[in-house]
Amino acid sequence: MSLDGIKKDRFYKIENWSSIGFVYLLIIEIKLGFNFPTNFSTNVYNFWLVYKIHILRLNDVQLMWYSNILFGSGRKEKWTMIFESTIQKANLIMKLRSMGISSKKVLSAIEKIPREIFLPSNLKDYAYENNPLPIGFEQTISQPYIVALMTEALSLKGNEVILEIGTGSGYQTSILSILSRRVYSIERIRPLLVNAISCFKKLKLTNIICECRDGFLGWPKLAPFDHLIITCAVEKIDNRLLS
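Think of each chain on its own: its residues are numbered from 1, step by step along the sequence as written. Predicted model: local features are reported for residues with pLDDT of at least 70 only, side-chain atom pairs are reported and counted for 80 or more only, and whole-chain, interface and lining totals are derived from all residues. Working from all heavy atoms in the structure, the side-chain values ignore hydrogens and water.

A. Structural view of the side chain of Glu152. Helix numbers and strand numbers start at the N terminus; a helix is a DSSP run of H or I with at least 4 residues, a strand a run of E with at least 2. Mapped onto the secondary structure, Glu152 falls in helix α6 (residues 144–153). For every residue, the accessible area obtained with a 1.4 Å probe (protein chains only) is divided by the maximum for its type, and the residue is called buried under 20%, exposed over 50%, and partly exposed between those limits. Under this rule, positive means Lys or Arg and negative means Asp or Glu; His and the chain ends count for nothing. By definition here, a salt bridge exists when the distance from a side-chain nitrogen of Lys or Arg to a carboxyl oxygen of Asp or Glu is within 4 Å. Among buried Asp, Glu, Lys and Arg side chains, Glu152 stands out as unpaired, with Arg97 the closest opposite charge at 8.6 Å. Two N or O atoms form a polar contact when they lie within 3.5 Å of each other; inside protein one atom must be a possible hydrogen donor and the other a possible acceptor, and for residues adjacent in sequence the pair counts only when both atoms belong to side chains. Here Ser102 takes part through its backbone nitrogen, which lies 2.9 Å from a polar atom of the side chain of Glu152. Glu152 has contacts with Gly100, Ile101, Ser102, Ser103 and Val106, leaving out every residue within four places of it along the chain. By definition, residues are in contact when any of their heavy atoms lie within 4.5 Å.

B. Structural context of helix α8 (residues 190–202). By this rule the span expected of a helix is its residue count minus one, scaled by 1.5 Å. Over its 13 residues, α8 runs 19 Å from end to end, which matches the ideal 18 Å to within 8%, given 1.5 Å per residue. Turning to α8, its buried residues are Leu192, Leu193, Ala196, Cys199 and Phe200. For α8, the arc enclosing every buried residue in end-on projection is 120°, short of the 170-degree limit, so these residues lie on one face. For α8, exposure combined with an orientation more than 90 degrees from the buried face picks out Arg190, Val194, Lys201 and Lys202. Looking at the buried side of α8, the elements it contacts are β1 (133–136), β2 (139–141), α7 (171–177), β4 (182–187) and β5 (208–212). Immediately beyond the C-terminal end of α8, within one or two residues, lies Lys204, with a positive phi of roughly 60°. The directions from the helix axis to the C-beta atoms form the arc being described.

C. Structural detail: the layout of surface pockets. Buried and open spaces are told apart on a 1 Å grid over the protein atoms alone, a cavity being a set of points where a 1.4 Å probe fits but cannot get out and a pocket being an open set with protein on both sides within 12 Å along at least five of seven lines. Residues with an atom within 4 Å of a point are the lining residues. Grid points are joined across faces, edges and corners, and a volume is the space filled by probe spheres set on the points. What the second largest pocket holds in volume is close to 550 Å³. Lining the second largest pocket are 33 residues, and of these Ile165, Gly166, Thr231, Cys232 and Ala233 sit closest to its centre. Of all elements in the fold, only β2, β3 (161–165), α7 and β4 reach the threshold of two or more residues within the lining of the second largest pocket. At 3 residues, β2 tops the list of elements feeding residues into the lining of the second largest pocket. In this classification, Asp, Glu, Lys and Arg are treated as charged, Ala, Val, Leu, Ile, Met, Phe, Trp, Tyr, Cys and Pro as nonpolar, and every other residue, Gly included, as polar. For the lining of the second largest pocket, a count of residues per class yields 14 nonpolar, 11 polar and 8 charged.

D. Fine view of the pattern of salt bridges. Counted by the stated rule, this structure contains 1 salt bridge. Where Glu211 meets Arg213, a salt bridge forms, and the shortest distance between an N and an O atom there is 2.1 Å. Given the relative accessible area of 23%, Glu211 is considered partly exposed.

As structure tokens, then:
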């Protein structure tokens, strides 16, 4: 396998032997759910993303060989589906970086959380486009850039307790949950909250506490919080919420 066509900024030409090594790294990432970029330098992180974007240049014979390693004989379709999702994520991360998102922790969190599970089945193919998408009840899942921007602005260290007003799909909540100690989230539309909680369970996120009601006044009995994030539209913010 050769990826000689990859020449971008400070990226190096990949020879055949190193290409195979990178494929094995990608296999480990998928099989174990390990996310390499968190501890990578910026240059290596960029290189890794570009490699993932170009991985589907594999021909049918190579694709079948690697899919056999991952899933056993005759599972090329599953390999292709997973790698298409991986490449779409990598493209999105590259897009977010080009738009000014620089926190590796935030980018890693976005790469870890599968945005498609928060979407209706007819919109899953659009999960890694940098756009808001409808989720019903005249609500939307936020654009990934806005999610990344708001999360990065919090400068999370990992031990914070956060209050989120507007659970919505639960996507932003999930990103926050892997970057903080605990997230308290309020949603007024019960069907949306039920679906979000189902997603949290699928992702095994256990540090999220939700309540269904109007979040205009926040969650006084649990105050104070380290951070407040409002992910829904409001005409004005009540001072009691800030206090």
